[in-house]
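# Architecture and fold: a report
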Amino acid sequence: MCGVLGLSTPHGDGVASMAFFGLYALQHRGQEAAGIAVSDGQRARLHKDAGLVANVFNPDRLAPLTGYHAIGHTRYSTTGGSGARNAQPFLVETMHGPMALAHNGNLVNAPALRAELLSRGFGLTASSDTEVMTLMLTSAGGRDWEERLERTLPAWKGAYSLVILTHDRVLAARDPWGFRPLSIGRLPDGGWAAASETCALLTLGCSDVAEVEPGEIVTLQGSELRRRRLFASGRPAHCSFEFVYFSRPDSTWAGSNVHHARQRLGERLAAESPVDADVVVPVPDSSIPAAIGYSHVSGVPFNDGLIKNRYIGRTFIEPAQAQRQRGVALKFNALAENLAGKRVVMIDDSLVRGTTAGPLVKLVRDAGATEVHLRITCPPITHACHFGVDMGHDGDLMAARHDVEEIRRHIGCDSLAFLSLAGMLAAIAGPEPAGGSGLCTACFTGDYPVPVEEAPVKLAFEGALR
Ligand code: SF4
């Protein structure tokens, strides 16, 4: 995951501060680094660094970022390490003026593209696929940036929702499969914004919110908006895991509000895997809507049982395994008053590496629960994602190595059930699915919408640079 943001305004008032608040609304999508690049029509300025949005920026850092057009990025690494050199946007000077690029997704053919650039004599400073995309664009022929982008996009295989800053405009583009979300909206001053999630557009007060379609390039230039579809949509493959875990509940994409989709996931789970219990407890925050849904259908009362310190980052996003394990212990306390003497159904959104569920079950038991039944709002994750979610290798995934009963014993719960694939797809699609599922389910099925044989591992490009 990553969050991307683009803005173009007719008057240039407070562009950096708008970008800051837009990025703040996308903080959940990446906590390793943040950056903003701004253009005043001639010159571009950039500030980026490792850290959270509020650590990287303060009024002094934002003040020099004056202009009419801006892009921003919050990073969580999927290709390349988490160091500052991979922070985005990438800003370069070109013969056509300044150009900056920020990207959410993962190119499965990045190794071949990178090798081709190196063989043509390019030097690379970073180990992510985003710098490769930036340099490919700068060296593409074409009369304008739209044409250069149009000529370059067919070479990119995999997931990309991206924003590009040039001296006088912002471009937004999405891959033909539509793996990652990207939406646009009209700013209150008549300008336009693009963002990974609609929650950021709402934060900026946008109206006329719409999706950047898969395979589409959108130009944001002051009060003008131009849309151009490059690829007919083939097999849409919106990431189902965005609905299960990643997106903010107040975001909407692919026709479904995320909160309501999660509530339906819980309702389906209750219908598929009921259990005699006294209380339904969510693992906060992403499982709260699903626990509400489970409670509605099962009739078992909903209550808080785990309290999360919301100021410690999401454990799954943190890149290193050691950080993840420490994060679980630091992040949750049990609410013994709601758990003691109770049979508990604990709702969690997913089970990836299996490092979180065991300690949480123990926490609930230690608080006095007599039984702990774990219900997961998606199927077992058995295959790695190559489209922008850092799940590690297949071997890191607990469900790739163990069956449900083995996982239950490892976690130490009284019963364990996952939502079925059909149940998850129906819940995300909602009551009026707009034709087919259109969802990527590769991490649950191994059915990758794009061949992944050439896909890089996360640190494949660390190379000689340290
Ligand atoms: S493999 Fe899973 S996480 Fe990756 S894009 Fe597909 S559904 Fe999303």
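Residues numbered from 1 in each chain as written. Predicted model: local features only at pLDDT ≥ 70, side-chain atom pairs only at ≥ 80, totals over all residues.

### Observations regarding the overall build of the protein chain
- A tally of helices and strands in the protein chain yields 17 helices and 23 strands.
- Its C-alpha atoms give the protein chain a radius of gyration of 22 Å, within 12% of the compact-globule value 23 Å for 466 residues.
- C-alpha atoms of the protein chain, sized along the principal axes, occupy 70 × 45 × 45 Å.
- Counting the 466 residues in the protein chain, one finds 56% classified as buried.
- Considering only residue pairs separated by 6 or more positions, the protein chain has 71% of its internal contacts joining residues 24 or more positions apart. (Helix = DSSP H or I, 4+ residues; strand = E, 2+ residues; numbered from the N terminus. Rg over C-alpha atoms; globule rule 2.2 N^0.38 Å. Buried ≥ 20, exposed ≤ 12 C-beta atoms within 10 Å, placed from the backbone. Contact = placed C-beta atoms within 7 Å.)

### A short note on the environment of Thr445
- Position of Thr445 among the secondary structure elements: in helix 17 (residues 442-445).
- Separated by 190 residues in sequence, Thr445 and Gly255 place their C-alpha atoms 23 Å apart.

### A few points about the domain arrangement of the protein chain
- Domain assignment breaks the protein chain into domain 1 (2-237) and domain 2 (261-431).
- Taking only C-alpha atoms, the centre of domain 1 and the centre of domain 2 are 33 Å apart. (Domains from an automatic or database assignment.)

### Some details on the site of the ligand
- Surveying the vicinity of the ligand reveals the residues Phe179, Cys239, Ser240, Phe241, Cys385, Phe387, Val389, Cys440, Thr441, Ala442 and Cys443.
- For the shell around the ligand, the secondary structure elements donating two or more residues are helix 8 (240-246) and helix 17.
- Of the residues assigned to the shell around the ligand, the class counts are nine nonpolar, two polar and no charged. (Near = placed C-beta within 6 Å. Nonpolar A, V, L, I, M, F, W, Y, C, P; charged D, E, K, R; others polar.)

### Thoughts on the sheet that holds strand 17 (residues 279-282)
- Strand order across the open sheet formed by four strands is 17-20-21-22, with parallel pairing between neighbours. At either end of the open sheet lies a strand with only one pairing partner, and these are strand 17 and strand 22 (415-418). Put simply, the sheet's adjacent strands are angled 20 degrees from each other on average, direction ignored.
- Across four bridges, the pairing between strand 17 and strand 20 (residues 343-348) is parallel. Counted as the bridge partner of Val280 is Val345 from strand 20.
- Sheet contacts for helix 10 (residues 288-298): strand 17, strand 20 and strand 21 (371-376); angle to strand 17, the most-contacted strand, approximately 165 degrees.
- Packing against the sheet, helix 15 (residues 404-411) makes contact with strand 21 and strand 22, and its axis sits at approximately 130 degrees to strand 22. (Pairing = 2+ DSSP bridges. Axes fitted to C-alpha atoms, helices over the stretch in contact; angles between N-to-C directions.)

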